[in-house]
Amino acid sequence: MNLLKINHLQKVFNENQPNQVEALKDISLNVEKGDFIAIMGESGAGKSTLLNIIATLEKATSGQIVLNGTDLMTLKEKKRAQFRREHLGFIFQQFNLLDTLTNKDNIFLPLVLSKVKYSEMEKRITPIAQQLGITKLLDRYPYEISGGQKQRIAVARALITNPELILADEPTGALDSSNSERLLRLFQTINQNGQTIMMVTHSALAASYSKKVIFIKDGIVFHELNHGQNSENQFLSQISQAALAIQEGDYNDLH
Ligand SMILES: Nc1ncnc2c1ncn2[C@@H]1O[C@H](COP(=O)(O)OP(=O)(O)OP(=O)(O)O)[C@@H](O)[C@H]1O
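What counts, and at which threshold
Residues numbered from 1 in each chain as written. Predicted model: local features only at pLDDT ≥ 70, side-chain atom pairs only at ≥ 80, totals over all residues. Helix = DSSP H or I, 4+ residues; strand = E, 2+ residues; numbered from the N terminus. Rg over C-alpha atoms; globule rule 2.2 N^0.38 Å. Buried ≥ 20, exposed ≤ 12 C-beta atoms within 10 Å, placed from the backbone. Contact = placed C-beta atoms within 7 Å. Pairing = 2+ DSSP bridges. Core = buried A, V, L, I, M, F, W, Y, C linked by C-beta atoms within 7 Å. Near = placed C-beta within 6 Å. Nonpolar A, V, L, I, M, F, W, Y, C, P; charged D, E, K, R; others polar. Axes fitted to C-alpha atoms, helices over the stretch in contact; angles between N-to-C directions. Parallel < 35°, antiparallel > 145°, perpendicular 65-115°, else oblique. Left-handed = near helix turned anticlockwise from the far one by under 90°.

1. What about the overall build of the protein chain?
Reasoning step 1: Of regular secondary structure, the protein chain possesses 8 helices and 10 strands.
Reasoning step 2: Radius of gyration (C-alpha) of the protein chain: 18 Å, near the 18 Å computed for a compact globule of 255 residues.
Reasoning step 3: For the protein chain, the proportion of its 255 residues judged to be buried stands at 37%.
Reasoning step 4: Considering only residue pairs separated by 6 or more positions, the protein chain has 70% of its internal contacts joining residues 24 or more positions apart.

2. Describing the pairing of strand β9 (residues 212–217)
A regular strand places its side chains on the two faces of the sheet in alternate fashion.
Reasoning step 1: Relative to β9, strand β3 (residues 36–40) runs parallel, the two being bridged by 4 bridges. Looking at the pairing, Ile39 lines up with Ile214 of β9.
Reasoning step 2: Bridge count for β9 against strand β10 (residues 220–226) is 6 bridges, and the pairing is antiparallel. Its bridge partner being in β10, Lys212 is matched across the sheet by Asn226.
Reasoning step 3: The hairpin turn running from β9 into β10, its antiparallel successor, is 2 residues long, and Asp218 in that turn takes a positive phi close to 50°.

3. Description of the nonpolar core
Reasoning step 1: By size, the foremost hydrophobic cluster in this structure holds 66 residues, and its most contacted members are Ile39, Ala156 and Leu167.
Reasoning step 2: Of the residues forming this core, the biggest block, 6 residues, is contributed by helix α5 (residues 147–159).
Reasoning step 3: When sequence neighbours within four positions are dropped, the list of residues in contact with Ile39 reads Lys47, Leu50, Met198, Met199, Val200, Ile214 and Ile216.

4. Regarding unusual backbone geometry
Reasoning step 1: Phi at His8 is positive, roughly 45°, even though this residue is not glycine.
Reasoning step 2: Here His8 is to be found in strand β1 (residues 2–13).
Reasoning step 3: Residues other than glycine seldom take positive phi values, yet Glu170 does so here, at roughly 50°.
Reasoning step 4: With respect to the secondary-structure elements, Glu170 resides in the loop between β7 (165–169) and α6 (177–192).

5. Things to note about the site of the ligand
Reasoning step 1: Close to the ligand lie Phe13, Asn14, Val21, Ala23, Gly41, Ser43, Gly44, Ala45, Gly46, Lys47, Ser48 and Thr49.
Reasoning step 2: Mapped onto the shell around the ligand, the elements with two or more residues apiece are β2 (21–32) and α1 (47–54).
Reasoning step 3: For the shell around the ligand, the element with the most residues is α1, which contributes 3 residues.
Reasoning step 4: The class makeup of the residues in the shell around the ligand is 4 nonpolar, 7 polar and 1 charged.

6. Brief notes about the packing of helix α3 (residues 103–113) against α5
Reasoning step 1: For the pair α3 and α5, interaxial distance at closest approach is 7 Å and the crossing angle is 30°. On the basis of their axis angle, the class for α3 and α5 is roughly parallel. Between α3 and α5 lies a crossing whose hand is right-handed. In this structure, α3 contributes Asn103, Asn106, Ile107, Leu109 and Pro110 to the contact, and α5 contributes Ile153, Ala156 and Arg157.

Geometry only, nothing functional implied.
Set out below in structure tokens:
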């Protein structure tokens, strides 16, 4: 089932000014429910711009973007925050937890903003905390736990609203290799349970945990790789080779 449809998306910053930048030229993309997509590309390729448009934090200049029937191009300013809270989950490189709230209250925050009853919040958090191994951390504060633990709290905060789509921007960027692996395995489990995930990453290793890798270059979808029947090692080697070929402008091996 199609979840997100992007057609000929273009984003121009500072239009008609001397410092005009065409961050996205022409992006078309279909995301199916249950996908786990990694978005790769060199610095400045347009990855964050694409993620921010899907997140309704930026508006595209032209094109079409529809998430589960909602046309994001016509979504009114006032409705955007609510839409974001109810339909999307976010995971960031720097966790973005509030140190003044306990971990549990950080996780509850999107539900508090949506005025969900406390009893419902408690009901929802129990299985999520168990799955993520954070039950014992809930009454502590973010400054009292490690980076890997903070990111699992952030995953719980993203999951608690049952979002249609999770958007993760460099989620392993601040983690060491063992915490990165643990997080990416969690992403796989969550994805196997039906959660759709889009993840921007610079890391070929992180991308190899996904089902599909999309390479963005110069504002277009330049190349795609599917995990398919490949082992994780085979997929990792394909991703690394493609990333290198794109970086070096050597496209003969790509198609
Ligand atoms: N608010 C903005 N105003 C003007 N130009 C911008 C703005 N945001 C991004 N850009 C430009 O758009 C292009 C794409 O940027 P974007 O941040 O999407 O790239 P990226 O692929 O996420 O890069 P990185 O991997 O370094 O985060 C770049 O040339 C960037 O300088």
